[in-house]
Amino acid sequence: RRTPAIISQVDLVPTVLAATGIEQPPEVDGVNALPFLRGEMPTLRDHAIVECVDDPKGLRLKTIVTANRKLTWYCGQDFGELHDLEDDPRERVNRWSDPSYASDKAKLLSGLLDSLEPLERRVERDCYA
């Protein structure tokens with residue numbers, strides 16, 4: 001079946017683990033999609049994060065996708081991409097510098113940071129100064 005719901009690749013492992021009765025280890029990212037797939041909930045998540053971070057000398061980016069917006073931030077650049085998926089589903093018009101989308105841009109950048117911060121791996125240290 002086709003659905004407009006947002007599901008991320010990182011949700012595959014938790015979903016397969018749940019389907020097989022295996023508890024999800026804390027270091028595994030993602031959400032168990034079984035309740036959504038069974039029709040027990042109308043949607044799984046309100047956004048998804050896409051990252052390209054494996055080439056430290058090349059392209060590094062982070063994208064947040066919601067039901068009606070898509071924002072891509074490029075590391076070290078003063079430009080990015082912001083697409084209105086309702087008015088421009090083929091992503092042909094970049095709204096990054098459009099003042100009428102400044103509020104959306106700020107909200108999406110904040111959402112990107114809020115989503116990524118909990119995923120940062122922490123190392124135990126003797127001092128946190």
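Above this text you will find the structure in question.
Quick caveat: nothing in here was measured; it's all calculated off a predicted structure.

Draft legend 1. Layout of the nonpolar core. Counting 8 residues, the largest nonpolar core consists of Ile 64, Leu 71, Leu 82, Trp 96, Tyr 101, Leu 108, Leu 112 and Leu 116. Considering every element that reaches this core, the biggest residue donor is helix α3 (residues 102-116), with 3 residues. Once you skip the residues sitting within four places of it in the chain, Ile 64 turns out to touch His 47, Ala 48, Ile 49, Arg 69, Lys 70, Leu 71, Leu 108, Gly 111 and Leu 112.

Draft legend 2. Examining the packing of aromatic side chains more closely. Taken as a whole and judged by the stated rule, the model has 1 aromatic pair. Both rings, one in Tyr 74 and one in Phe 79, keep their centres 5.6 Å apart while their planes meet at 40°; by these two values the pair is tilted. Exposure remark for Phe 79: the relative accessible area of 42% places this residue in the partly exposed category.

Draft legend 3. Main features of unusual backbone geometry. In this model, Glu 91 sits at a positive phi of 55°, which is unusual for a non-glycine residue. Mapped onto the secondary structure, Glu 91 falls in the loop between β4 (80-84) and α3.

Draft legend 4. Fine view of the side chain of Thr 15. The residue Thr 15 is located in helix α1 (residues 12-19) in this model. Here Ala 33 takes part through its backbone nitrogen, which lies 2.8 Å from a polar atom of the side chain of Thr 15. Non-local contacts of Thr 15, meaning those with residues more than four positions away in its chain, are made with Val 31, Asn 32, Ala 33, Leu 34 and Leu 37.

Draft legend 5. Expanded view of the pattern of salt bridges. On inspection of all chains with the given rule, the structure shows 6 salt bridges. Between Asp 84 and Arg 69 there is a salt bridge; the shortest N-O distance is 3.0 Å. Here the residue Asp 84 occupies a position in strand β4, and Arg 69 occupies one in strand β3 (residues 69-74), the gap between them amounting to 15 residues. Exposure remark for Asp 84: the relative accessible area of 3% places this residue in the buried category. On the basis of relative accessible area, Arg 69 is assigned to the buried category, the value being 14%.

Draft legend 6. How the structure looks around the sheet that holds strand β1 (residues 48-52). The antiparallel open sheet is built from 4 strands, whose spatial order is β1-β2-β3-β4. Of all strands in the sheet, those with a lone pairing partner are β1 and β4, marking the two edges. Looking at each pair of strands side by side, their axes are set apart by 10° on average, direction ignored. Sheet analysis places β3 next to β4, joined by 5 bridges and oriented antiparallel. Within the sheet, the bridge partner assigned to Lys 70 lies in β4 and is His 83.

About the criteria used
- Residues numbered from 1 in each chain as written.
- Predicted model: local features only at pLDDT ≥ 70, side-chain atom pairs only at ≥ 80, totals over all residues.
- Heavy atoms only, no water.
- Core = buried A, V, L, I, M, F, W, Y, C linked by side-chain atoms within 4.5 Å.
- Buried < 20%, exposed > 50% of the residue type's maximum accessible area, 1.4 Å probe, protein only.
- Helix = DSSP H or I, 4+ residues; strand = E, 2+ residues; numbered from the N terminus.
- Contact = heavy atoms within 4.5 Å.
- Phe/Tyr/Trp six-rings, centres within 6.5 Å; stacked < 30°, edge-to-face > 60°.
- Polar contact = N/O pair within 3.5 Å; in protein donor to acceptor, adjacent residues only side chain to side chain.
- Salt bridge = Lys/Arg side-chain N within 4 Å of Asp/Glu carboxyl O.
- Pairing = 2+ DSSP bridges.
- Axes fitted to C-alpha atoms, helices over the stretch in contact; angles between N-to-C directions.

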